[in-house]
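Reading the structure
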Amino acid sequence: MQIDAYDREYMCSGHVGCAGCGATIAMRLFMKAMGEKTIMVLPACCWSVIAGPYPQSAMKIPVIHTAFETGGATASGVRAALDMKGDTETSVVTWAGDGGTFDIGFQSLSGAVERNEDFIYVCYDNEAYMNTGIQRSSSTPYGAWTTTTPGQDWKRLRKKNIVEVLVAHRIPYVATANIAFPEDLIRKAQKAKSIKGSKFLHIFASCPTGWRIPSEMSVKIARMAVQTNIFPLYEVEDGIHYTINHKPKEYLVREYFKLQGRFRHLTDKDLDQIQTMVDEDWGLLLKKAGERS
Amino acid sequence: MKRVLEGSHAVAEAVRLANVQVVSAYPITPQTHIVEIISDYCAKGKMNAKFIPVESEHSCLAALVGAQSAGVRTFTATSSQGLALMHEILHWVSAARLPIVMVDVNRALGPGWNIWTDQTDSLSQRDTGWIQLYCEDGQEVLDTTLQAFRLAERVNLPVMVVLDAFFLSHTYEPVDVPEQKEVDRFLPSYSPRFNLDTRNPYTLSPLVTPAFYMEMRHDMALAMDEAMTCFAEIEEEYAALFNRRYGSVEAVTCDDAEIILVTSGTITSTTRLLLEELRAKGEKVGLLKMKMFRPFPVEAVCRALGRAKKVAVIDRNFSFGAGGVFAQEIKAALYKLPVRPTVFGYIAGLGGRDVTTDILEEIYIKTRETDLPSQESIWIGLQEVKYAN
Ligand SMILES: Cc1ncc(C[n+]2csc(CCOP(=O)(O)OP(=O)(O)O)c2C)c(N)n1
Ligand code: SF4
Ligand SMILES: [Mg+2]
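Residues numbered from 1 in each chain as written. Chains lettered and ligands numbered in written order. Predicted model: local features only at pLDDT ≥ 70, side-chain atom pairs only at ≥ 80, totals over all residues. Heavy atoms only, no water.

A few points about the overall build of chain B
Within chain B, the secondary structure is distributed over 13 helices and 16 strands. Over its C-alpha atoms chain B spans a radius of gyration of 21 Å, differing by no more than 12% from the 21 Å that the globule rule assigns to 389 residues. The principal-axis extent of the C-alpha atoms belonging to chain B is close to 70 × 55 × 50 Å. Expressed as a percentage of the 389 residues in chain B, the buried residues total 59%. (Helix = DSSP H or I, 4+ residues; strand = E, 2+ residues; numbered from the N terminus. Rg over C-alpha atoms; globule rule 2.2 N^0.38 Å. Buried < 20%, exposed > 50% of the residue type's maximum accessible area, 1.4 Å probe, protein only.)

With respect to the site of ligand 1
The local shell around ligand 1 holds 18 residues, among which A:Gly99, A:Gly100, A:Tyr124, A:Met130 and A:Asn131 are the closest. More than one chain reaches ligand 1: its neighbouring residues belong to chains A and B. A distance of 2.9 Å separates an oxygen atom of ligand 1 from a polar atom in the backbone of A:Cys46. Take A:Gly100: an N or O atom from its main chain is 2.8 Å from an oxygen atom of ligand 1. Across the complex, the protein chains shield 77% of the 590 Å² of accessible surface that ligand 1 would expose by itself. (Near = heavy atom within 4 Å. Polar contact = N/O pair within 3.5 Å; in protein donor to acceptor, adjacent residues only side chain to side chain. Areas by Shrake-Rupley, 256 points an atom, 1.4 Å probe, with all protein chains shown as cover.)

Remarks on the layout of surface pockets
In this structure, the largest pocket encloses a volume near 960 Å³. Lining the largest pocket are 34 residues, and of these B:Leu204, B:Ser205, B:Pro206, B:Val208 and B:Met216 sit closest to its centre. Counting only elements with at least two residues in the lining of the largest pocket, the list comes to α2 (46-50) and β2 (63-66) of chain A together with α3 (57-69), α5 (87-95), β9 (203-204) and α9 (210-242) of chain B. Element by element, the count of residues in the lining of the largest pocket is highest for α9(B), at seven residues. In terms of residue class, the lining of the largest pocket is made up of 21 nonpolar, nine polar and four charged. (1 Å grid on protein atoms, 1.4 Å probe; cavity = no way out; pocket = protein on both sides within 12 Å on 5 of 7 lines; lining within 4 Å. Points joined across faces, edges and corners; volume = space filled by probe spheres on them. Nonpolar A, V, L, I, M, F, W, Y, C, P; charged D, E, K, R; others polar.)

Notes on the pairing of strand β12 (residues 285-290) of chain B
Residues and elements named next belong to chain B. Counting buried positions along β12 gives six out of six residues, so the element sits mostly inside the fold. Residue alternation in β12 divides its side chains into two sets, Val-285, Leu-287 and Lys-289 and Gly-286, Leu-288 and Met-290, and both sets are buried. Relative to β12, strand β10 (residues 249-252) runs antiparallel, the two being bridged by four bridges. Within the sheet, the bridge partner assigned to Val-249 lies in β12 and is Met-290. (Pairing = 2+ DSSP bridges.)

Quick look at the coordination of the magnesium ion (ligand 3)
All names here are of chain A. Protein coordination of the magnesium ion (ligand 3) is provided by Asp-98 (OD), Asn-126 (OD1) and Ala-128 (O), with donor distances spanning 2.0 to 2.1 Å. For the magnesium ion (ligand 3), the donor residues sit on a single chain with the sequence spacing D-x27-N-x1-A. We classify Asn-126 as buried; its relative accessible area is 5%. (Donors = N, O, S within 2.8 Å, 3.2 Å for Na, K, Ca; no water.)

Overview of the pattern of salt bridges
All names here are of chain B. Scanning all chains against the criterion turns up 49 salt bridges over all chains. The residue Asp-255 makes a salt bridge to Arg-307 at a minimum N-O spacing of 3.3 Å. Of the two residues, Asp-255 is situated in the loop between β10 and β11 (259-263) and Arg-307 in the loop between α11 (298-305) and β14 (310-315); the sequence distance between them amounts to 52 residues. Each member of the pair, Asp-255 as well as Arg-307, is classed as exposed. We note a salt bridge from Glu-329 to Arg-294, for which the minimum N-O separation is 3.0 Å. Here the residue Glu-329 occupies a position in helix α12 (residues 325-334), and Arg-294 occupies one in strand β13 (residues 292-294), the gap between them amounting to 35 residues. The class for Glu-329 is buried, based on a relative accessible area of 13%. Residue Arg-294 is classed as buried on the basis of its relative accessible area of 15%. (Salt bridge = Lys/Arg side-chain N within 4 Å of Asp/Glu carboxyl O.)

Considerations on the interface of chain B and chain A
Frequently, the measure chosen for interface size is the accessible area removed from exposure when the parts meet. Of the residues lining the interface, 40 residues belong to chain B; the matching set on chain A comes to 37 residues. Carbon and sulfur atoms supply 67% of the area that chain B and chain A bury against each other, a total of about 2900 Å² over both sides. When the area that chain B buries against chain A is broken down by residue, the three leading residues are B:Leu196, B:Thr198 and B:Leu207, summing to 21%. Seen at the junction of chain B and chain A, the total is two salt bridges. In this structure, the salt-bridge partner of A:Arg115 is B:Glu55, at a minimum N-O distance of 3.6 Å. Here chain B and chain A share nine residue pairs in polar contact (both at pLDDT 80 or more) between them. At the level of secondary structure, the elements contributing two or more residues to the side of chain B that touches chain A comprise β3 (50-52), α3, α5, β9 and α9 of chain B. (Contact = heavy atoms within 4.5 Å. Buried area = accessible area lost by both parts, 1.4 Å probe.)

Section: the domain arrangement of chain B
Residues and elements named next belong to chain B. Taken domain by domain, chain B holds domain 1 (2-242) and domain 2 (249-379). Placing a centre on the C-alpha atoms of domain 1 and another on those of domain 2 gives a separation of 28 Å. Each side of the interface is counted separately: domain 1 has 26 residues, and domain 2 has 28 residues. Regarding the contact of domain 1 and domain 2, the summed buried area is about 2300 Å², with carbon and sulfur atoms giving 54% of it. At the junction of domain 1 and domain 2, the tally comes to six salt bridges. (Domains from an automatic or database assignment.)

A closer look at the site of ligand 2
All names here are of chain A. Contacts to ligand 2 come from Gly-17, Cys-18, Cys-21, Cys-46, Ile-50, Asn-126, Met-130, Cys-207, Pro-208 and Thr-209. Taken together, the elements giving at least two residues each to the shell around ligand 2 come down to α2 and α8 (208-211). Along the lines of polarity and charge, the residues of the shell around ligand 2 split into seven nonpolar, three polar and no charged.

Regarding helix α13 (residues 357-369) of chain B
Residue and element names in this part refer to chain B. With 13 residues, α13 extends 18 Å from end C-alpha to end C-alpha; this agrees with the ideal 18 Å at 1.5 Å per step. Within the sequence span of α13, burial applies to Ile-359, Leu-360, Ile-363, Tyr-364 and Thr-367. Seen end-on, α13 carries its buried residues on one side only, within an arc spanning 140 degrees. Exposed residues pointing more than 90 degrees away from the buried face of α13 are listed as Asp-358 and Glu-369. (Expected span 1.5 Å × (residues − 1). Arc of directions from axis to C-beta.)

With respect to the sheet that holds strand β7 (residues 159-164) of chain B
Strand order in this open sheet of seven strands is β3-β2-β4-β5-β7-β6-β13 (chain B), and the pairing throughout is mixed. Each having just a single partner strand, β3 and β13 of chain B make up the two edges of the open sheet. Between one strand axis and the next, the sheet turns through 20 degrees on average, direction left out of account. Where strand β4 (residues 74-78) of chain B and strand β5 (residues 101-106) of chain B come together, four bridges link them in parallel fashion. Residue B:Phe75 lies in a different strand from β5(B), and its bridge partner there is B:Val101. Strands in contact with helix α3 (residues 71-84) of chain A are β2 (22-24) and β3 of chain B; relative to β3(B), the strand with the most contacts, it is inclined by about 170 degrees. Here α9(B) sits on the sheet and contacts β6 (131-134) and β13 of chain B; the angle it forms with β13(B), its principal contact strand, is near 165 degrees. (Axes fitted to C-alpha atoms, helices over the stretch in contact; angles between N-to-C directions.)

What follows is the structure, given as structure tokens:
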């Protein structure tokens, strides 16, 4: 990893994200790896706001805002134009939320990566539609409260495993990353940048506002998601070669859940069930990676 | 050089000659021939362009948003359900001020499934900020498609070139295909006024507060007005090189006409035949062909129709609860005249039903024989339907 990556900044202070916003930290770290030869496609999400209103911008690179479900397609067009202009140096990045990736933009993303378009698709995952006020998405985890899974109707369905869906497309590179692991995140972004074809980065990005956590807990809770195996750090090359980057055995999931207002309603029994689900998912991942716990 | 081409092929030739750099498309009958030929041209190197075979029309137009924003000339073609699926991005393209050119082959919307011609698909997109130009024959399709790039790039608004399903898209006619170097004199390579550039980074289409939004929409409105004058100038330039000119509208024997039939698309050609017959019998009848629909050519319409007693508008489209779309717009345009002709609105040929000279004559006679229209919209040729129980 290049050390100087830490000194470069492509995001300005004065963005309009909430205090402690994980999505904002994710962008700052990611851009350190990417550098100035980057064009960013931003479908509707919290980042449509974070980047700032006209005539201001928090970004020092060219940005094109686009419709919510078009992240994959718009990037395909930008790439095609750059190719026609003979510009192979510039990286095209789509930066989308979980809603724009798992749900409404899924078709466009699947189409783009099936064509193996040469771009990096980043999904920063805050596990709900935050821009519109904390509604559930197919990324919202089992057990969570959102404004559309309120009270006793908390979400009793699993989070969609988007990483495995992308792996099934057999694209050159798929990886997870987390704002609490900056070296790992930057290394993965640099790796994605160096590979031709479609790359998918799934970045876990805590959201104090939507998760009902204090802003100063943002990074700690993101770190716990890895330490509990809820959000494992791993990468998959060509849809086959799995590498698990971090093998924790530090916390039980209940410790992660207990810190967040969105899970307040869960009973010990619910948490036991969730622990079983997490263990099962982790076991599956180990098997795919050909490893033992 | 004169060649015998399908309407679809005439589009493809224009796109090739226009040096389009990125094409994206998704198949839908009756648009398929257009994109098949273009993708073949891209594959064989007859066009130096990239063809993006997207997974839907929505993605198709979104891909062009990306490509055009990155500074290249782009094109797509669609029809009916496909155009409807693009609706959100139609608005996006015009407000992002991207000069994208699209061909829409007019086809009926379902249900029931119907692949034949009907203008409701394009006309129901009238408020999306796209310039709309309707064509009558293969030559006009080729010429208009070439002009569309000039017009779009001049005013930074997208242009939709519209042609009838099958009657035009799949009909072979002699078409004069100009030489590349002649076209290059008319349409130089694309130089965008703004584009995504890492050496000069800025943000396109960001969040806009009420403090600026209205001004941006007003700029679009001004550009749309400007498109009217620019279109005339571009047509003049085109005529100087290729000796063909169509006008935003075409008025045929309207000067002394008591009754004027108003048409668009291929119905116009059929009406020309009837017009000759009726004139030979001494009927004082005229024809107004509508080519431009957005911006709506209010002045030209008033000039052509102002002296007539009656106007019969033939609409192959319908806006439920309002009437034929051309009829509505023509009534609104005529309102500014102190003395106005009576406007009769006729609905004919929906879902690809043939509009023959007999049907047009029936419309003419109905208009001549009645002082005032019996209804807001008079549906022509309706049969008695026995529905299955
Ligand atoms: C077609 C369409 N439907 C709905 C919206 C409203 N909308 C804008 S952002 C958003 C939620 C975005 O959620 P996500 O992608 O998870 O990003 P986040 O806001 O959480 O960062 C929604 C529903 C829209 N812009 N376009
Ligand atoms: S709502 Fe959440 S994701 Fe959105 S800006 Fe605030 S903290 Fe960030
Ligand atoms: Mg989200």
